[in-house]
Amino acid sequence: MTGQSSAPVRPLIRIQRVRKSFGDNLVLRDVSLNVAPGEVVVIAGRSGSGKSTLLRCINNLETIDAGSIYTGDELIGYRQLGGKLVPMREAEVARQRQELGMVFQQFNLFPHLSVLDNITAAPIHVRGEARSSAEAYGRELLSRVGLPEKAHAYPKQLSGGQQQRVAIARALAMRPRAMLFDEPTSALDPEMISEVLDVMIDLSRQGMTMIVVTHEMGFARAAADRVILMHQGEIVENAPPEEFFTAPKSEATKQFLSKILP
Amino acid sequence: MTWSWPDFLEYLVSPYMMRGAWTTVWLSVVSMVIGISLGFVAALMKMSHNRVVSGIAGFYIWLWRGTPLLVQLVIIYAGLPQLGIRLGVIESAILGLAVNEGAYFAEIMRSGITAVDKGQHDAARALGMTYRKMMQIVILPQATRVIVPPLGNQFLGMLKTSSLASVISMEELLRSAQQLAQIEFRVLEVYFVAAIYYLAMTTAWGFVQRRIESHYDRPFDGRDSAAAAAQRTVDPAATEVISR
């Protein structure tokens, strides 16, 4: 099933017949999906359905076995060489990753750096930005995620929800074209989930392109343009939220909804 | 012949013993610095995906950790000339101690790096860091916190094991004591003084090590970076007041 973007614009992210296996385990079976600029796509599915792997493939944290992924016109991870595809050199892969921000389930903040240093590390050391401008933008981002007073705190001093908001600010600091969220609220205590989702909803309203792997169907209803269900390495449902929740086509989606909806 | 206090006190302040102690200090520091560099490279090589590269590092670590330092020192100083490689006493001592230290440090380094959470690699990569940047900014600073305590113990050990260099006639503390004892026939007093010198050096190092460890624990001690920075700027003034 090929993902059709709702608007007739060039997709920002194109995933074409991507296949990936870990050993004998085929995790992605020819997955295709387009994401238009400004679109928010929520990917749901049971654990082991391949949704996190798909997300990690998009910025090349996992290599793919077959198929292709593009951001804009750029092929991710490979380049043409005499009609053949060869893996890119490390520096090129690193440059491509700068275009996509990523937020992880376990936050993965750098524990030895202060909050502000976490946010400015990549702008300063990867993109060569001046410290003063990187810090100014870093503080602006901290205000946007509601933590302006935490610039000098260390990650260990923050709650899970605060850490995840810093992680979002850190990803935004590289001014990415799109954001990838890998179960951003799954490791949080229930009372902290909404503060992170609020930041994400805010981000979507500002027009950020987002792919969000999550179980939070409330977020999907509030912010998603499309909701996708992955089942056994395939996309089995791909629809606007209204349709996804009220008139799902696939059996797997009906089962999924019956388990999570009251 | 009984214990002689005057002789003991004389040896305790003898320039000859002090020179030996000083040699022990710089020999240990120089060997340690070179050993750390070697071990760092060996650790990165051992973790390489290239089998030849990691094999070379593995062979080095296996060989040097599996043979006594004393044997290595004698081979370097007294054995190699047979192959036409002649090294002086100081060169041999430094080479032996450093290469031996490197083999141990490589394993400490490797365990420190692998102790850093896998998610840190993901986060660094996702921000567009190359392997080099990731190591420099994210992994090594965190590995250092894990490495510093065993590394301190290695240096403590080095201050003592450097005495083995006395067998190739390196004029460090033990050798100085041996020679003084041969002239003076005051074995107990001389070696007691040597022991006190070693103890002074290892105790002093203990203080330094604790300061280094607390430095790397700072992000984890519950204070934020502004408070820690304020503390740092206050520090020199405070010590100045105390020293007056």
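Before reading on, note that the structure itself is shown above.
Residues numbered from 1 in each chain as written. Chains lettered and ligands numbered in written order. Predicted model: local features only at pLDDT ≥ 70, side-chain atom pairs only at ≥ 80, totals over all residues. Heavy atoms only, no water.

Brief notes about the overall build of chain B
The helix and strand tally for chain B stands at ten helices and zero strands. Reading chain B from its N end, one meets helices and strands in the order α-α-α-α-α-α-α-α-α-α. Summarising its shape, the C-alpha atoms of chain B cover approximately 75 × 60 × 25 Å along the three principal directions. The buried share of chain B, reckoned over its 244 residues, is 41%. By sequence separation, contacts in chain B at least 24 residues apart represent 75% of the contacts at least 6 residues apart. Total accessible area computed for chain B in this model is approximately 13,100 Å², and 66% of it derives from carbon and sulfur atoms. Taking the average location of the 20 positive side-chain charges in chain B and that of its 17 negative ones, the two points are 9 Å from each other. (Helix = DSSP H or I, 4+ residues; strand = E, 2+ residues; numbered from the N terminus. Buried < 20%, exposed > 50% of the residue type's maximum accessible area, 1.4 Å probe, protein only. Contact = heavy atoms within 4.5 Å. Areas by Shrake-Rupley, 256 points an atom, 1.4 Å probe, with all protein chains shown as cover. Lys, Arg positive; Asp, Glu negative; His and termini not counted. Charge placed at Lys NZ, Arg CZ, Asp CG, Glu CD.)

Regarding the side chain of Thr-253 of chain A
All names here are of chain A. Inspection of the secondary structure puts Thr-253 in helix α9 (residues 251-260). In terms of polar contacts, Thr-253 uses its side chain to reach the side chain of Ser-250, at 2.7 Å. Setting aside its immediate chain neighbours within four residues, Thr-253 contacts Leu-229, Val-236, Glu-237, Phe-244 and Pro-248. (Polar contact = N/O pair within 3.5 Å; in protein donor to acceptor, adjacent residues only side chain to side chain.)

Section: the environment of Leu-55 of chain A
Residues and elements named next belong to chain A. The residue Leu-55 is located in helix α1 (residues 51-58) in this model. On the accessibility criterion, Leu-55 (0% relative accessible area) is buried. Along the sequence, Leu-55 and Ile-43 sit twelve residues apart, while their C-alpha atoms lie 9.3 Å from each other. Leave out the neighbours within four places in its chain, and Leu-55 touches Met-102, Leu-180, Phe-181, Asp-182, Ile-211 and Val-213.

Focus on the environment of Tyr-197 of chain B
Within the element layout of this structure, Tyr-197 of chain B appears in helix α9 (residues 187-217). Once you skip the residues sitting within four places of it in the chain, Tyr-197 of chain B turns out to touch Tyr-11, Leu-12, Val-13, Ser-14, Met-17, Met-18, Ala-21 and Leu-173 of chain B.

Side note on the pattern of salt bridges
Taken as a whole, this structure holds 21 salt bridges over all chains when the rule is applied. In this structure, the salt-bridge partner of Glu-195 of chain A is Arg-165 of chain A, at a minimum N-O distance of 2.5 Å. On the criterion of sequence distance, the pair formed by Glu-195 of chain A in helix α6 (residues 190-205) and Arg-165 of chain A in helix α5 (residues 160-172) is long-range, its members being 30 residues apart. With relative accessibility at 24%, the residue Glu-195 of chain A sits in the partly exposed group. Residue Arg-165 of chain A is classed as buried on the basis of its relative accessible area, which comes to 11%. Ionic pairing is found between Asp-217 of chain B and Arg-145 of chain B, a salt bridge with its closest N-O pair at 2.7 Å. Here Arg-145 of chain B lies in helix α7 (residues 131-161) and Asp-217 of chain B lies in helix α9, a separation of 72 residues in the sequence. Its relative accessible area of 31% is what places Asp-217 of chain B among the partly exposed residues. Through salt bridges with shared partners, one network takes in Arg-17, Arg-19 and Asp-30 of chain A. (Salt bridge = Lys/Arg side-chain N within 4 Å of Asp/Glu carboxyl O.)

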